[in-house]
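# Structure assessment
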Amino acid sequence: MKAAQLMGPGLLEINDVPIPEISPSELLIRVGAAGICHSDLHLLHFPYKMREEPLTIGHEIAGTIEAVGSGVDGRSVGERGVVYLCWSCGQCRECMSGNENMCLAAGRTAMPPCPGLGPEGGMAEYVKIPARSFVPIGDLDFLQAAPLADAALTSYHAIRGAREHLQPGATAVVIGVGGLGHVAVQILRAISAVRIIAVDVGQDQLDLAKRCGADITLESGPDTAQHILDLTSARGAEVIFDFVGIDATAQMSVQAVAPNGAYRMVGLGGGNPGITAEAAGGPGWPWGASIRKSYGGTRNDLVDSIALAQAGLVTVEVARFDLADARDALDRLEHGKVTGRAVLVP
Ligand code: NAD
Ligand code: ZN
């Protein structure tokens, strides 16, 4: 089968590899679509060789069950679904409470095993997965379903964790209206009556934000925090979701969050957390405001995200590419030439 493999820093190749063999507790999935996340770009540019063997990347996977491990109950060949990306231990206290994205087995600052970031991922014709991580999608289109596995899951988790800040009429800011951000705008619209301000560097992205339900769009720059203050009677936004996560957007958030408000950092842009940490202890940080570094989501967040898509409340703006063109799609994403989510089809 064909697979998009990371060969070393900056090197991605489409290779011919054997179809994976499954153990008794696994499923073999015939991939219908695999989304490309900005995290795949971070991975591609990671300066060290991740491991000796090539790694098939891709953690936003939708497809059909092709084979069922001998020890798996309750799943059958032909079922359609997405892959829940936290391959957690399932037994620790966090997992037992449903917080599988916070699995204790992962360690203090690591994340649980995730396809395409350790185990082989889904930018391939087939992928093997733990049977527990399969979540059915009914008749949702694969191109729509694949991005739910991360773009919707992670956005939904960050938003759900800030729900007490989403009172009707409150202001929510979404910084970075890419794969995650354009879904976040729709989730906010669907589950709350907040006023949504979307911030991006690209006009196409800001136009997409409007179509997704943003009330106001702002070009990202040194004055953006002041604009947000001007729009909120100098009080600031009740909640800021940062899907970029660089120094500039952290700084913007520090300057524009309201008292008792929430800053949620989702983007992995390598921004200095010290900016926010220092601010949070310092005179510029409003009383009561909180910071959370948000990772992935729970299995239930994925089920909710699927339900929003099935209800027509979340529609992913998809840029479709053939698997063979994975490199081109990643390059386009890197240069801001993807609006919405790039999705590969094997
Ligand atoms: P994306 O490339 O699709 O979207 C990023 C958007 O940010 C683009 O629209 C871009 O124009 C915009 N942008 C860039 N610089 C900006 C700036 N200075 N101000 C405002 N907007 C700016 O990326 P994505 O796939 O949506 O991922 C977003 C980030 O979230 C990435 O860093 C990714 O690694 C991270 N991520 C984190 C998690 C998690 O669990 N924490 C999960 C998935 C992705
Ligand atoms: Zn666990």
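Relevant structure appears above.
Conventions we followed
- Throughout this description, residue numbers start from 1 for each chain and increase along the sequence as written.
- Working convention: letters from A go to chains and numbers from 1 go to ligands, in the order in which they are written.
- Local features in this predicted model are restricted to residues whose pLDDT is 70 or higher, and side-chain atom pairs enter the listing and the counts only when it is 80 or higher, whereas totals over whole chains, interfaces and linings include all residues.
- Excluded from the side-chain calculations are hydrogens and water; all other atoms, namely the structure's heavy atoms, are used.
- Secondary structure counts use DSSP, requiring at least four H or I residues in a row for a helix and at least two E residues in a row for a strand, with both numbered from the N terminus.
- Type-normalised accessible area, obtained with a 1.4 Å probe on protein chains alone, sets the label of each residue: buried when under 20%, exposed when over 50%, and partly exposed for intermediate values.
- Here, residues are in contact when the closest pair of their heavy atoms is within 4.5 Å.
- Should DSSP find at least two bridges between two strands, the strands are regarded as paired.
- Only the contacting stretch of a helix is used when fitting its axis, a line to C-alpha atoms as for every element, and angles between N-to-C directions run 0 to 180 degrees.
- The rule is short: rings of Phe, Tyr and Trp, with Trp giving its six-membered ring, pair when the centres are within 6.5 Å, and they are stacked under 30 degrees, edge-to-face over 60, tilted in between.
- Placement of a charge over a ring requires the Lys NZ or Arg CZ to be within 6 Å of the ring centre, with the centre-to-atom vector within 35 degrees of the ring normal.
- Polar contacts here mean pairs of N or O atoms no more than 3.5 Å apart (in protein, one a potential hydrogen donor and the other a potential acceptor; neighbouring residues in sequence count only if both atoms are side-chain atoms).
- Any residue with a heavy atom positioned within 4 Å of a molecule or strand is treated as near that molecule or strand.
- Every accessible area reported is derived by Shrake-Rupley at a probe size of 1.4 Å, with residue values counting cover from the shown protein chains alone.
- As a working rule, the residues Ala, Val, Leu, Ile, Met, Phe, Trp, Tyr, Cys and Pro are called nonpolar, Asp, Glu, Lys and Arg charged, and the rest polar, with Gly in that last group.
- Put simply, a nonpolar core is a bunch of buried Ala, Val, Leu, Ile, Met, Phe, Trp, Tyr and Cys residues held in one set by side-chain atoms that sit within 4.5 Å of each other.
- Every definition here rests on a 1 Å grid over the protein atoms only: cavities are sets of points where a 1.4 Å probe fits but cannot get out, pockets are open sets enclosed by protein on both sides within 12 Å along at least five of seven lines, and lining residues have some atom within 4 Å of a point.
- Grid points are joined across faces, edges and corners, and a volume is the space filled by probe spheres set on the points.

## Quick word on the environment of Leu41
One can find Leu41 in helix H1 (residues 38-44). Classification of Leu41 by relative accessible area gives buried; the value is 3%. Beyond its immediate sequence surroundings of up to four residues, Leu41 is in contact with Leu330, Leu333 and Glu334.

## Notes on the sheet that holds strand E14 (residues 290-293)
The strands making up a sheet associate through hydrogen bonds between their backbones, and the pairing can be parallel or antiparallel. Strands sit in the order E11-E10-E9-E12-E13-E14 across an open sheet of 6 strands; the sheet is parallel. Of all strands in the sheet, those with a lone pairing partner are strand E11 (216-219) and E14, marking the two edges. Mean inter-strand twist for the sheet, computed between neighbouring axes without regard to direction, equals 15°. Where strand E9 (residues 171-175) and strand E12 (residues 237-242) come together, 4 bridges link them in parallel fashion. Bridged to Ala172 within E12 is Val239.

## Some remarks on the packing of aromatic side chains
One pass over the structure, following the stated rule, counts 0 aromatic pairs. One Lys or Arg, Arg80, reaches over the ring of Phe142 and ends 4.2 Å from the middle of that ring.

## A look at the side chain of Glu100
The topology assignment puts Glu100 in the loop between helix H2 (93-96) and strand E7 (126-130). Among the polar contacts made by the side chain of Glu100, one reaches the side chain of Arg299 at a distance of 3.1 Å. When neighbours within four sequence positions are excluded, Glu100 is seen to be in contact with Tyr84, Cys86, Ser88, Glu94, Cys95, Pro112, Arg132 and Arg299.

## What about the site of ligand 1?
Every one of the 30 residues lining ligand 1 counts as a neighbour, but His38, Asp200, Ser220, Gly296 and Arg341 are closest to it. Within the backbone of Gly179, a nitrogen or oxygen atom sits 2.9 Å from an oxygen atom of ligand 1. Contact between ligand 1 and Gly296: an oxygen atom at 2.8 Å from a main-chain N or O atom of the residue. Its free accessible area being 860 Å², ligand 1 has 88% of it covered by the protein chains. For the shell around ligand 1, the secondary structure elements donating two or more residues are H1, helix H5 (179-191) and strand E10 (195-200). Counting residues per element, the shell around ligand 1 draws most heavily on H1, at 3 residues. Residues belonging to the shell around ligand 1 are distributed by class as follows: 13 nonpolar, 14 polar and 3 charged.

## Topic: the nonpolar core
Counting residues in each nonpolar core, the largest one holds 53 residues, and the members touching the most others are Val82, Leu188, Phe241 and Ile306. Setting aside chain neighbours within four positions, we find Ile306 in contact with Val82, Val135, Pro136, Ile137, Leu140 and Leu148. If you look at the next biggest cluster of nonpolar residues, it comprises 32 residues, including Leu12, Leu41, Ile129 and Ala329.

## So, the pairing of strand E3 (residues 26-36)
Sheet faces and side chains relate simply in a regular strand, where the side chains alternate between the two faces. The element E3 is extensively covered by neighbouring structure, given that 10 of its 11 residues are classed as buried. When E3 meets strand E5 (residues 60-68), the two strands line up antiparallel, connected through 8 bridges. Note on E5: the bridge partner recorded for Leu27 is Val68. Across 3 bridges, E3 lies against strand E16 (residues 341-345) in antiparallel orientation. Bridge pairing in E16 places Ile36 opposite Ala342.

## Considering empty space enclosed by the protein
As enumerated under the stated definition, the model contains 1 cavity of 30 Å³ or more in all. Leu6, Met7, Gly8, Lys49, Met50, Arg51, Glu52, Glu53, Pro54 and Leu55 are the residues that line the largest cavity. Counting residues per element, the lining of the largest cavity draws most heavily on strand E1 (residues 2-8), which supplies 3 residues. Grouping the constituent residues of the lining of the largest cavity by class yields 5 nonpolar, 1 polar and 4 charged.

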